[in-house]
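Listed here are the chains, written in short residue letters.
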Amino acid sequence: MSLIKFSCMTSLLFVTAFAAAAPNRNTDKPAPPAPEALHEKLAQISQDPARLSAAIQRGQKDAAVCRHCHGAGGNSVLPEVPNLASQNAAYLLEQMNKFVQGQRKSSAFMEGMIKALTPDERIAIALFLSQQPLAHKPAAAHSAAGKRLYDKLCISCHGASGTGTHMIPRLAGQQAVYLEGSLKRYRSGNGERIDPRMAAYTRNLKDADIRSLAAYLTTLQP
Ligand code: HEC
Ligand code: HEC
């Protein structure tokens, strides 16, 4: 871990130094690509089998450092760390962009790691992880109450099988503790996770509702 910490610190320093120098240097360095341009590139690569397999290979290498928390192939074994395996590539890219732009908050360590990636590395990692199989958990505690709530409130966006699409995240098989924490963040409006749709759909949820939703979704196996 100490090696990663060191490289992360280095990249944080680099980012800070660059940001400080940016106003005087804007003629030397091109502006970072807009998120829309990155999403277009990701879509183009996805449609081209040769570029896709090259990106996935590159993404596998670039994502090696993420395994320490997100697990091998993006299958997390830590309750508070999300699975990234089989997550939609566009959503993964969007969330990395949000960390970079300060529109989503995590630990400084995690944010620093994402900021150290180039835009092309972000795209390659998103494509690699989206193709990794999700390790299924045994469906121990199916929550009927969670299913009722999900079918009523969430299905229209996240889909009957909980796989989402494009920038709507997959929820099926996600870590329960992470799901609960994320729903509470949207509900609290404290700025750690900002999305007007999710704010609206979590506003009236009670803690018990959030618990049953998470219990249902973690065991959902499409
Ligand atoms: C030190 C542990 C750690 C490392 C290393 C780490 N992450 Fe994370 N990551 C987290 C945690 C914890 C979260 C949950 C953040 C939150 O919402 O609070 C997260 C969330 C994410 C998310 C959002 C997932 C979602 O479902 O919304 C993405 C994408 C992500 N990480 C990508 C990466 C990538 C890519 C790397 C490697 C370059 C990486 N992470 C390395 C701990 C880590
Ligand atoms: C109108 C569409 C819509 C509806 C309805 C909706 N969601 Fe979402 N949900 C989204 C979008 C878009 C995101 C990504 C937001 C972001 O960027 O943070 C999201 C994100 C999430 C996340 C974060 C996933 C992750 O990997 O971090 C969870 C958990 C979630 N939704 C659960 C729910 C639940 C439970 C419901 C029903 C109570 C629900 N959603 C209803 C659109 C919706």
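That block above? That's the structure.
Residues numbered from 1 in each chain as written. Chains lettered and ligands numbered in written order. Predicted model: local features only at pLDDT ≥ 70, side-chain atom pairs only at ≥ 80, totals over all residues. Heavy atoms only, no water.

Undergrad: What's the story with the overall build of the protein chain in this structure? I'm lost.
TA: When you go through the protein chain residue by residue, the secondary structure sums to twelve helices and zero strands. Counting from the amino terminus, the protein chain carries its helices and strands in the arrangement α-α-α-α-α-α-α-α-α-α-α-α. Out of the 222 residues in the protein chain, the part that is buried amounts to 40%. Residue pairs in contact within the protein chain that sit at least 24 positions apart in sequence constitute 71% of those at least 6 positions apart. As presented, the protein chain carries roughly 12400 Å² of accessible surface, and 60% of it is formed by carbon and sulfur atoms. (Helix = DSSP H or I, 4+ residues; strand = E, 2+ residues; numbered from the N terminus. Buried < 20%, exposed > 50% of the residue type's maximum accessible area, 1.4 Å probe, protein only. Contact = heavy atoms within 4.5 Å. Areas by Shrake-Rupley, 256 points an atom, 1.4 Å probe, with all protein chains shown as cover.)

Undergrad: Any chance you could explain the coordination of the iron atom of ligand 1 here in plain terms?
TA: In an ideal octahedron of six donors the angles at the metal are 90 or 180 degrees, and in an ideal tetrahedron of four donors they are 109.5 degrees. Each protein donor to the iron atom of ligand 1 is listed here as His70 (NE2) and Met110 (SD); together their distances run 2.0 to 2.4 Å. Note that the iron atom of ligand 1 binds six donor atoms; their angles at the metal cover 73 to 180 degrees, and the shape is octahedral. Of this pair, His70 sits in helix H4 (residues 67-70) while Met110 sits in helix H6 (residues 108-115), and the two are 40 residues apart along the sequence. (Donors = N, O, S within 2.8 Å, 3.2 Å for Na, K, Ca; no water. Tetrahedral: all angles 85-135°; square planar, octahedral: opposite > 155°, others 65-115°.)

Undergrad: Explain the site of ligand 1 here, please?
TA: Taken together, 22 residues lie near ligand 1, and Cys66, Cys69, His70, Met110 and Arg185 sit nearest. Tyr91 is positioned with one of its side-chain polar atoms (N or O) 2.6 Å from an oxygen atom of ligand 1. One of the side-chain nitrogen or oxygen atoms of Arg104 is found 2.7 Å away from an oxygen atom of ligand 1. The element contributing the most residues to the shell around ligand 1 is helix H5 (residues 89-100), with five residues. Counting residues domain by domain, the shell around ligand 1 receives three or more from each of domain 1 (2-130) and domain 2 (144-219). (Near = heavy atom within 4 Å. Polar contact = N/O pair within 3.5 Å; in protein donor to acceptor, adjacent residues only side chain to side chain. Domains from an automatic or database assignment.)

Undergrad: Is there a simple way to think about the packing of aromatic side chains in this case?
TA: Given two aromatic rings, their pairing is described by the distance between the two centres and the angle made by the two planes. In the structure shown here, the tally under the stated rule is one aromatic pair. Pairing Tyr150 with Tyr216 gives two aromatic rings, centres 5.8 Å apart and planes at 50 degrees, and the pair type is tilted. On the criterion of sequence distance, the pair formed by Tyr150 in helix H8 (residues 144-153) and Tyr216 in helix H12 (residues 207-219) is long-range, its members being 66 residues apart. As far as the burial class goes, Tyr150 and Tyr216 line up, both buried. (Phe/Tyr/Trp six-rings, centres within 6.5 Å; stacked < 30°, edge-to-face > 60°.)

Undergrad: Please clarify how helix H7 (residues 119-130) should be interpreted in this entry.
TA: Each α-helix winds once per 3.6 residues, and so residues spaced three or four apart point in a common direction. Over its twelve residues, H7 runs 17 Å from end to end, which matches the ideal 16 Å to within 8%, given 1.5 Å per residue. By the criterion of burial, H7 is predominantly enclosed, with ten of the twelve residues buried. Inspection of H7 places Glu121, Arg122, Ile123, Ala124, Ile125, Ala126, Leu127, Phe128, Leu129 and Ser130 among the buried residues, and these make up the whole buried set. Packed against the buried residues of H7 are helix H2 (35-46), helix H3 (49-62) and H5. (Expected span 1.5 Å × (residues − 1).)

Undergrad: Please explain the site of ligand 2 as it appears in this structure.
TA: Ligand 2 sits among 23 residues. The nearest are Cys154, Cys157, His158, Tyr178 and Met198. At 2.8 Å, a side-chain N or O of His158 approaches a nitrogen atom of ligand 2. Looking at the shell around ligand 2, the elements with two or more residues in it are H5, helix H9 (155-158), helix H10 (176-188) and helix H11 (196-202). Grouping the amino acids of the shell around ligand 2 by side-chain chemistry returns 14 nonpolar, four polar and five charged. (Nonpolar A, V, L, I, M, F, W, Y, C, P; charged D, E, K, R; others polar.)

Undergrad: Hey, could you run me through the environment of Ala90 in this one?
TA: Mapped onto the elements of the fold, Ala90 is located in helix H5. Of the residues examined, Ala90 reaches a relative accessible area of 13% and is grouped as buried. For the pair Ala90 and Ala43, spaced 47 residues apart in sequence, the C-alpha separation works out to 8.2 Å. Once residues lying within four places of it in the same chain are set aside, the contact partners of Ala90 are His39, Leu42, His166 and Met167.

Undergrad: Please clarify how the coordination of the iron atom of ligand 2 should be interpreted in this entry.
TA: Taken together, His158 (NE2) and Met198 (SD) make up the protein donors of the iron atom of ligand 2, found 2.1 to 2.2 Å from the metal. In this structure, the iron atom of ligand 2 is surrounded by six donor atoms whose angles at the metal cover 87 to 179 degrees, and the resulting shape is octahedral. Placement of His158 in helix H9 and of Met198 in helix H11 is noted, with a sequence separation of 40 residues between them. On the basis of relative accessible area, His158 is assigned to the buried category, the value being 9%. Relative accessible area serves as the criterion here: at 18%, Met198 is assigned to the buried category.

Undergrad: So what exactly am I meant to see when it comes to the pattern of salt bridges here?
TA: When their charged atoms lie close together, side chains carrying opposite charge are able to pair. On inspection of all chains with the given rule, the structure shows seven salt bridges. The residue Lys41 makes a salt bridge to Asp120 at a minimum N-O spacing of 2.8 Å. One end of the pair, Lys41, is in helix H2; the other, Asp120, is in helix H7, with 79 residues separating them in the sequence. On the accessibility criterion, Lys41 (30% relative accessible area) is partly exposed. Owing to a relative accessible area of 34%, Asp120 belongs among the partly exposed residues under this scheme. Residues Glu192 and Arg185 are paired through a salt bridge, measuring 3.1 Å at the closest nitrogen-oxygen approach. Judged by its relative accessible area of 27%, Glu192 falls in the partly exposed class. (Salt bridge = Lys/Arg side-chain N within 4 Å of Asp/Glu carboxyl O.)

Limitation: the analysis is restricted to geometry and does not speak to function.
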